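# Commentary on secondary and tertiary structure
Each chain is listed here by its residues.
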Amino acid sequence: MHQPLKKNKKDLSPEQRKELLGTLKARFEKNMNRHKGLEWAPVQARLEANAEKLWSLNEMERTGGEPDVVGHDKKTGEYIFNDCSPESPKGRRSLCYDREALDSRKENKPKGNAIDMAAAMGIELLTEEQYRALQKLGDFDAKTSSWVKTPSAVRKLGGALFCDRRFNTVFVYHNGAESYYAARAFRGSLRV
C-alpha cells in the first residue's frame, strides 16, 4: 500500500515529533541555566500546537544546531529557541551571506547562502545583540564563527558581519558577503 501524500511538507510524522520532543526535553532539562524559572510542560504544549514551528526546530536539529530555549516573551507567551551547539552548526557551514553575494561569485561558488537557508528553515539569523546574549549562557564558537544579521548600511557596501568567541571575549568582524569558510555557519532563532 502506498502512503497518502502529506498535505503540508512542513509537518513531521508522529514518530519524528516524539523523537524531537524527547531530544528537546532532555536538552532543556540538562541546561536549566539557559532558561531559569521555566518549566518544560508549557513549552511542550506550545510546540505541540505549532506543527510548522516544530518542523523548523527539527531542521535546526537536523543541521546540527542543538536548539534550546533561551528566553520567554511574557507579552506574547512565545518561547525563544536559539541554536546552542558548542560550535557553529555543521550542516550549515561553507555558506556565503545572502543570495546577492552568491550570485556575485563567478567561480568556486558555495553550496548556498545563510539568509536563504534560514528562510527555508523558517528561522532568523541571530543579530549581534542576540549572539552576545547567547554567549552569556555558555561558551559558543571557540573554534568556529557564525554569520549574524548584518545592518543594511554594511550590506549595501558589500560587507557582512560574523561573530565568534576567542580569549573569553565575543568578537564581531566583517568579511565580503560573498566569502565562505568551512568553519563558519550561522546560528538561528525561532519564536514558538
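Residues numbered from 1 in each chain as written. Predicted model: local features only at pLDDT ≥ 70, side-chain atom pairs only at ≥ 80, totals over all residues. Heavy atoms only, no water.

### Things to note about unusual backbone geometry
The phi dihedral of N108 is positive, around 55°, even though this residue is not glycine. Within the element layout of this structure, N108 appears in the loop between α4 (99-104) and α5 (114-121). Residue N108 is classed as exposed on the basis of its relative accessible area, which comes to 54%. The backbone phi angle of N168 is positive, close to 60°, even though this residue is not glycine. Turning to its location among the elements, N168 is positioned in the loop between β5 (159-166) and β6 (169-176). (Helix = DSSP H or I, 4+ residues; strand = E, 2+ residues; numbered from the N terminus. Buried < 20%, exposed > 50% of the residue type's maximum accessible area, 1.4 Å probe, protein only.)

### Describing the confidence of the model for the chain
Residues of the chain with pLDDT of at least 70 account for 96%, and the chain-wide mean is 93. Note that pLDDT drops below 50 for residues 1-7; the model gives that stretch four contacts with residues more than four away or on any other chain. (pLDDT = per-residue confidence, 0-100. Contact = heavy atoms within 4.5 Å.)

### A closer look at the pairing of strand β1 (residues 67-72)
With five bridges connecting them, β1 and strand β2 (residues 79-83) associate as antiparallel partners. Bridged to G71 within β2 is I80. Linkage of β1 to β2, two consecutive antiparallel strands, is achieved through a turn of six residues, within which G77 is found at a positive phi near 80°. (Pairing = 2+ DSSP bridges.)

### Observations regarding the sheet that holds β2
Here four strands make up an open sheet; going across it, the order is β1-β2-β8-β3 and the pairing antiparallel. The open sheet is flanked by β1 and β3 (124-125), the only strands paired with a single partner. This element, helix α2 (residues 40-48), spans β1 and β2 of the sheet and lies at about 85° to β2. (Axes fitted to C-alpha atoms, helices over the stretch in contact; angles between N-to-C directions.)

### Thoughts on the packing of aromatic side chains
As enumerated under the stated definition, the model contains five aromatic pairs in all. On the numbers, 5.6 Å between centres and 65° between planes, the contact of Y97 with W147 is edge-to-face. Here the residue Y97 occupies a position in the loop between β2 and α4, and W147 occupies one in strand β4 (residues 145-148), the gap between them amounting to 50 residues. By the ring-pair criterion, three or more aromatic residues cluster together here, those being Y97, W147, F162, F171 and Y173. A cation sits over an aromatic face here: R92 above F186, 5.0 Å from the ring centre. In this arrangement the basic side chain of R184 is found over the ring face of W147, its NZ or CZ atom lying 4.8 Å from the centre. (Phe/Tyr/Trp six-rings, centres within 6.5 Å; stacked < 30°, edge-to-face > 60°. Lys NZ or Arg CZ within 6 Å of the ring centre and 35° of its normal.)

### A look at the nonpolar core
In terms of nonpolar packing, the biggest core is built from 33 residues, with V43, L47, L57, F81, W147 and F186 touching the most fellow members. Of all the secondary structure elements, the ones that give two or more residues to this core are α1 (14-30), α2, α3 (51-62), β2, α4, α5 and β5. Setting aside chain neighbours within four positions, we find F186 in contact with D83, P89, R92, L95, A114, M117, A118, M121, I123, L125, S146 and W147. Core analysis: the next-biggest nonpolar cluster, separate from the first, contains nine residues, C84, L126, L134 and L161 among them. (Core = buried A, V, L, I, M, F, W, Y, C linked by side-chain atoms within 4.5 Å.)

### Thoughts on the sheet that holds β4
Whenever strands of a sheet pair, they do so through backbone hydrogen bonds, lying parallel or antiparallel. As summarised here, the arrangement of the four strands in space is β6-β5-β4-β7, forming an open sheet in which the pairing is mixed. Only two strands of the sheet have a single partner each, and these edge strands are β6 and β7 (184-186). Taken over all neighbouring pairs, the strand axes of this sheet differ in orientation by 35° on average, direction set aside. Note that β4 and β7 share three bridges and pair parallel. Paired with S146 across the two strands is A185, which belongs to β7.

### Structural notes on the pattern of salt bridges
Scanning the entire structure with this criterion turns up 16 salt bridges. With a shortest N-O distance of 2.7 Å, R155 and D98 are connected by a salt bridge. In this pair, R155 sits in helix α7 (residues 152-156) while D98 sits in the loop between β2 and α4, placing the two residues 57 residues apart along the sequence. In this structure, R155 and D98 share a single accessibility class: buried. Taking the shortest distance from any N to any O, the salt bridge between D116 and R99 comes out at 3.1 Å. On the criterion of sequence distance, the pair formed by D116 in helix α5 and R99 in helix α4 is long-range, its members being 17 residues apart. Residue classification places D116 among the partly exposed residues on the basis of a relative accessible area of 31%. When its relative accessible area of 42% is taken as the criterion, R99 is described as partly exposed. Sharing partners across several salt bridges, the network here consists of D73, E78 and R191. (Salt bridge = Lys/Arg side-chain N within 4 Å of Asp/Glu carboxyl O.)

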